[in-house]
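Examination of the molecular architecture
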Amino acid sequence: MPAPLELPADLSARPLVMSDARAVFEVMAAQEAHDTGEVAIEEADILGDWGRPSYDVSAGTVGVLDGERLVAYAELMGADRGDAAVHPDYRGRGIGTALAGWMQAKARAAGSEVIGMPVPRGSAGDRLLSALGYHVRWESWALRLPADAQIPPRDLPSGYTLREATPADHEACWTVIEDAFLEWSERDRMPLADWLATVVGRPGFEPWNLRVVTDPTGEVVGATQVFLSGEERAREGYVNKVATRRDQRGRGIAQAMLVDAFATARAHGAVGAGLDTDSRTGALSLYEKVGMVVSSTWVNRAIRV
């Protein structure tokens, strides 16, 4: 740790390990349920992120414990990106402030000039970070497709094909998705091995979770990652990534991929669909065009370190 955490005397702190993923999920889920009324995070998300070959879990995380129980956590996920959660039962004890200080010190030690994290707008975390001097970098939205929504099919351009990705397509998918997201995201390109760990290495991955659009020559020009999330009786098809190669946009490919992702998820048991987007992408109207509605609003708050 860059510096000891100033915690109440009855609490302790330590770096986390992979086996702590379930406990971190439970803290994050409790916080999300309290702040937004829904739980979006899954243990598989944490395991996929922590499974990146370039990521050292113990070096990048800290957990706060009450005896053996994990009650809060924080991590530095990238040069300027972090995340943290405090169980609602433990709020008001200075834990969030201590974790913010830890994250700032960790980012500073890594050579970063700024560190930020997402929080639901108006939540306790949002108010705390605002009071600590964090500014809003961007706004983001969780969107849902109502269970009874009927989406008209979207046709691909003539000669284009939409199908499951094969292992031979994985590098092309990585290229299309990373190229698209790096147009507006200020970060380094994710290494292919890290990307594979978060997609095909995500626990529960099945071939239908990664889908591609190919042009008449067979080249991959679009890619979608979709998987099931949520409770068994209310499974949701979550679209984690959707991207179209820049020179292929404006032809309805993204809308066709979204409709396909929703239909494929329903065929595998989903009763609804969801995704997240933010103000940097300019894609909110695309999702609203296919019938999605905003279910919660988040802000990414950051501070110079």
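Residues numbered from 1 in each chain as written. Predicted model: local features only at pLDDT ≥ 70, side-chain atom pairs only at ≥ 80, totals over all residues. Heavy atoms only, no water.

Describing the packing of aromatic side chains
Summed over all chains, the structure comprises two aromatic pairs. Here the aromatic rings of Phe 181 and Trp 184 are separated by 5.4 Å at their centres, their planes lie at 50°, and the arrangement is tilted. On the accessibility criterion, Phe 181 (18% relative accessible area) is buried. On the accessibility criterion, Trp 184 (23% relative accessible area) is partly exposed. (Phe/Tyr/Trp six-rings, centres within 6.5 Å; stacked < 30°, edge-to-face > 60°. Buried < 20%, exposed > 50% of the residue type's maximum accessible area, 1.4 Å probe, protein only.)

Considering helix H4 (residues 95-109)
When the terminal C-alpha atoms of H4 are compared, their 21 Å separation across 15 residues agrees well with the 21 Å that a helix rising 1.5 Å per residue should span. Every buried residue belonging to H4 is among Ile 95, Ala 98, Leu 99, Ala 100, Trp 102, Met 103, Gln 104, Ala 105 and Ala 107, and all of these are buried. Tucked into the core, H4 has its buried residues touching helix H3 (57-60), strand S2 (61-66), strand S3 (69-76), strand S4 (82-86), strand S5 (114-120) and strand S12 (293-304). The first or second residue beyond H4 is Gly 111, which carries a positive phi of 90°. (Helix = DSSP H or I, 4+ residues; strand = E, 2+ residues; numbered from the N terminus. Expected span 1.5 Å × (residues − 1). Contact = heavy atoms within 4.5 Å.)

Some words on the sheet that holds S5
Taken together, eight strands build an open sheet; the order of strands is S5-S12-S6-S11-S10-S9-S8-S7 and the sheet is mixed. Bordering the open sheet on either side are S5 and strand S7 (161-164), each of which pairs with just one other strand. Pairwise comparison of adjacent strand axes, ignoring direction, gives a mean angle of 25° for this sheet. Summarising the sheet, strand S10 (residues 236-244) and strand S11 (residues 272-278) pair through four bridges and their orientation is parallel. What sits directly across from Glu 236, in S11, is Gly 272. Where helix H5 (residues 124-131) meets the sheet, its contacts fall on S5 and S12, and the angle it forms with S5 comes to roughly 150°. Strands strand S6 (135-145), S7, strand S8 (210-214), strand S9 (220-229), S10 and S11 of the sheet are contacted by helix H8 (residues 253-267), whose axis makes an angle of about 155° with S10. (Pairing = 2+ DSSP bridges. Axes fitted to C-alpha atoms, helices over the stretch in contact; angles between N-to-C directions.)

Considerations on the pairing of S5
Extensive coverage of S5 is indicated by the burial of five of its seven residues. In terms of strand pairing, S5 meets S12 through seven bridges, oriented antiparallel. Along S12, the bridge assignment pairs Pro 120 with Trp 298.

A closer look at the packing of helix H1 (residues 21-36) against helix H2 (residues 43-50)
Taken N-terminus to C-terminus, the directions of H1 and H2 make an angle of 130°; their axes are 9 Å apart at the nearest point. Taken together, the axis directions place H1 and H2 in an arrangement best described as oblique. The interaxial crossing formed by H1 with H2 has right-handed handedness. Contact residues: Ala 21, Arg 22, Val 24, Phe 25 and Met 28 in H1; Glu 43, Ile 46, Leu 47 and Trp 50 in H2. Looking at the contact of H1 with H2, its residues break down into seven nonpolar, no polar and two charged. (Parallel < 35°, antiparallel > 145°, perpendicular 65-115°, else oblique. Left-handed = near helix turned anticlockwise from the far one by under 90°. Nonpolar A, V, L, I, M, F, W, Y, C, P; charged D, E, K, R; others polar.)

Description of the pattern of salt bridges
Counted according to the given criterion, the structure contains 21 salt bridges. Note that Glu 183 is salt-bridged to Arg 249, the shortest N-O span being 2.9 Å. Of this pair, Glu 183 sits in the loop between helix H6 (170-181) and helix H7 (192-198) while Arg 249 sits in the loop between S10 and H8; the two residues are 66 residues apart in sequence, bridging distant segments of the chain. Judged by its relative accessible area of 38%, Glu 183 falls in the partly exposed class. Taking relative accessible area as the criterion, Arg 249 reaches 36% and is therefore assigned partly exposed. (Salt bridge = Lys/Arg side-chain N within 4 Å of Asp/Glu carboxyl O.)

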